[in-house]
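# Observations on the three-dimensional arrangement
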Amino acid sequence: MMTKEYITKLKHNGNGDIANLVKTQRDAGSINYILENLGQLPSNFQSDFLYKLLDHPHAQVRLNAVKNIGKLKENSDVNALLELYNRETDTGVRREIVSAIGRQRKSTNKSLLYKFLSDTDPKIICQAIRGLLVFENDKDVEEHLRPLVNHENEMVRTVIYKEYFAKEKKQKSNLPHIETYEFLKNVVVNADVLEALKYVPNESVHLTFTSPPYYNARDYSIYPSYQAYLDFLDKVFQETHRITKEGRFLIVNTSPIIIPRVSRSHSSKRYGIPFDLHPYLVKNGWEFIDDIIWLKPEASVKNRIGGFMQHRKPLGYKPNSVTEYLMVYRKSTEKLLDWNMRSYDPKIVEDSKVADGYETTNVWRIDPCFDKVHSAIFPVELCKRVIQYYSYKGDLVFDPFGGSGTVGRTAKALERLFFLTEQEPKYFEYMQSKQKYQSIFKERTTRFLTLEQFKEIAK
Ligand SMILES: C[S@@+](CC[C@H](N)C(=O)[O-])C[C@H]1O[C@@H](n2cnc3c(N)ncnc32)[C@H](O)[C@@H]1O
């Protein structure tokens, strides 16, 4: 019976017992079992059989042989690995060869690793980069790696950017990560968001949750063309990126919309806003994280299926749209989320922990909210979840398209701070009227400001 203990015992005998054991195996599965259970190899390990296995017809056997040759370090024959790399067709084995050579951390392997940088497989290039990055402060390595910041593959570019360029470019904010500016705390500005943001410093908000205008589907904002609308959102989210703290989140609620037909002889037009907006966000440094689906009850949405129910003719199928997207992005950074979390006092972390009953999937079933003044307001439950899952207590939550102010009120109720902009005076006033009935006893009152007043306090 071949057990792990048996393999370990033979391995330490140092007289070729493992090689003999491998020789007697009929099937690739058993050879792999031995190779996968070899663990660390002793200095007297007889390794010739491993090189013979580089010609084995089974790719997994070759891969395991390469892995073990990689463990031999000083005694390994890198040329044998290189020869295999040159003739190998299996992607996994090729990657393992580069990884094994990299793991040896031998400076004599550097020229080989440079060679792998021009492979067509991005994973091989990344493995080679990994192998080279162990040679810290090595000018020669740096000269080979830096140009890869323009590599066609995004993973390669990201790794190189993080290593060599991120630190150079970073504009340091004047504030600690968890803090923000006094003049932005619980403020609503009645202005075009792009005007207001001119007075907001870099890296001042922790979370943005917003629902932009639905192109020309509602009456509150009209754009001359769909392209003009996308260009406008592009600018807003570029600016939002600038004012967002490192590694923090942007959540955009949108959905495809329909613009009704001009006359019976034309068709209505559908615009895929979330899909069209996405490339702009990514281009501007927002890293895509998640797509959350907001699912509404069918009875609450416009009926589109009625015609089809009558005629049942293929091609004329128009399902009722019961979903909207919450597109989740993070401001690209080389720092891990853990860095963001560690910036907070343990007490804030403890107090901000999400209670039981949180949503475990990316489909959130929430009833929409209807309002007599504003035609597209967030349900409080939707805001609650986003704010609780993506911010800590005391954080500043921003909504560039404030509407009736749901984000502000919910942020306040959850002990966060808020900063909103809303261009339409009627919604700005509506927000103020709603505020009257709320939070009288909360220590920080909301300031409703004109652009001029905001400019003044921003000085
Ligand atoms: C979809 S609604 C947001 C509703 C909001 N989420 C709520 O819960 O009430 C979009 C809002 O953006 C506002 N808006 C449109 N263009 C704007 C701009 N350039 N600057 C600031 N607000 C703008 C509109 O007036 C509208 O109230």
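Rules of the game
Every chain is numbered on its own, with residues counted from 1 as its sequence reads. Local features in this predicted model are restricted to residues of pLDDT 70 or higher, and side-chain atom pairs are both shown and tallied only at a pLDDT of 80 or more, whereas totals for entire chains, interfaces and linings draw on every residue. The helix and strand labels rest on DSSP assignments: H or I over at least four residues marks a helix, E over at least two residues marks a strand, and numbering proceeds from the N terminus. When we talk radius of gyration, it's over C-alpha atoms, and the globule rule is simply 2.2 Å times the number of residues to the 0.38. Counting other C-beta atoms within 10 Å of its own, a residue is labelled buried from 20 upward, exposed at 12 or fewer, and partly exposed in the gap between, with every C-beta atom placed from the backbone. Interaxial angle, 0 to 180 degrees, is taken between N-to-C directions of lines fitted to C-alpha atoms, where a helix line uses only the stretch in contact. Put simply, angles under 35 degrees are roughly parallel, angles over 145 are roughly antiparallel, angles from 65 to 115 are roughly perpendicular, and the rest are oblique. Left-handed is the label given to a crossing in which the near helix is rotated counterclockwise from the far helix by less than a right angle, and right-handed is the label when the rotation is clockwise. Two residues form a contact once the distance between their C-beta atoms, set from the backbone, is within 7 Å. Three residue categories are used. Nonpolar comprises Ala, Val, Leu, Ile, Met, Phe, Trp, Tyr, Cys and Pro, charged comprises Asp, Glu, Lys and Arg, and polar comprises the others, including Gly. As used in this record, a residue near a molecule or strand is one whose C-beta atom, placed from the backbone, is within 6 Å of it. Source of the domain bounds: an automatic or database domain assignment. Residue count minus one, scaled by 1.5 Å, sets the expected span of a helix. In this description, one arc is meant: the one made by directions from the helix axis to the C-beta atoms. Strands were regarded as paired on the criterion that DSSP finds at least two bridges between them.

## Concerning the overall build of the protein chain
Scanning the protein chain from terminus to terminus reveals 21 helices and 11 strands. In terms of overall size, the protein chain is more extended than a compact globule, its C-alpha atoms giving a radius of gyration of 30 Å where 459 residues would be expected to give roughly 23 Å. The principal-axis extents of the C-alpha atoms in the protein chain amount to approximately 85 × 65 × 45 Å.

## Regarding the environment of Q435
Position of Q435 relative to the elements: it lies in helix α20 (residues 425-436). Looking at Q435, the number of C-beta atoms within 10 Å reads 18, which means it is partly exposed. Sequence separation between Q435 and S76 is 359 residues; the distance between their C-alpha atoms is 73 Å.

## Comments concerning the packing of helix α18 (residues 380-390) against helix α19 (residues 406-413)
The geometry of α18 relative to α19 is characterised by a closest axis approach of 9 Å and an angle of 55 degrees between their N-to-C directions. By the angle between their directions, the pair α18 and α19 is classed as oblique. Of the two possible hands of crossing, α18 and α19 adopt the one that is right-handed. Judged by residue contacts, V380, C383, K384 and I387 of α18 engage T406, V407, T410 and A411 from α19. Classifying every residue of the contact of α18 with α19 by side-chain character gives 5 nonpolar, 2 polar and 1 charged.

## A closer look at the site of the ligand
Taken together, 19 residues form the shell around the ligand, and within it F401, G403, S404, T406 and Q423 come nearest. Taken together, the residues of the shell around the ligand break down into 8 nonpolar, 8 polar and 3 charged.

## Focus on unusual backbone geometry
With a phi angle near 45 degrees, E203 is a residue other than glycine that sits in the positive phi range. The topology assignment puts E203 in the loop between α12 (193-197) and β2 (205-210). A positive phi angle is found at L315, which is not glycine, with a value near 85 degrees. Counting through the fold element by element, L315 comes out in the loop between α15 (306-311) and β7 (323-331). Residue L315 is classed as exposed on the basis of its C-beta count, with 5 C-beta atoms lying within 10 Å.

## Remarks on the domain arrangement of the protein chain
Taken domain by domain, the protein chain comprises domain 1 (4-169) and domain 2 (182-260 + 267-333 + 352-458). The distance between the C-alpha centroids of domain 1 and domain 2 comes to 48 Å.

## Let's talk about helix α13 (residues 226-243)
Counted at 1.5 Å a residue, the expected span for α13 with its 18 residues is 26 Å, and the 26 Å between its end C-alpha atoms agrees. Within the span of α13, buried status applies to Y229, L233, V236, F237, T240 and I243. For α13, the angular spread of buried residues about the axis comes to 115 degrees, placing them on one side. Turned more than 90 degrees from where α13 packs its buried face, Q227 and A228 sit exposed. Those residues of α13 that are buried lie in contact with α12, β2, β3 (244-254), α14 (273-283) and β6 (286-295).

## Points about the sheet that holds strand β11 (residues 447-450)
Strand order across the open sheet formed by 9 strands is β8-β6-β7-β3-β2-β9-β10-β1-β11, with mixed pairing between neighbours. Two strands bound the open sheet, and with one partner strand each, they are β8 (363-365) and β11. Neighbour-to-neighbour, the strand axes of the sheet open up by a mean angle of 20 degrees, direction not taken into account. Relative to β8, β6 runs parallel, the two being bridged by 3 bridges. Following the sheet pairing, L295 is matched in β8 by R365.

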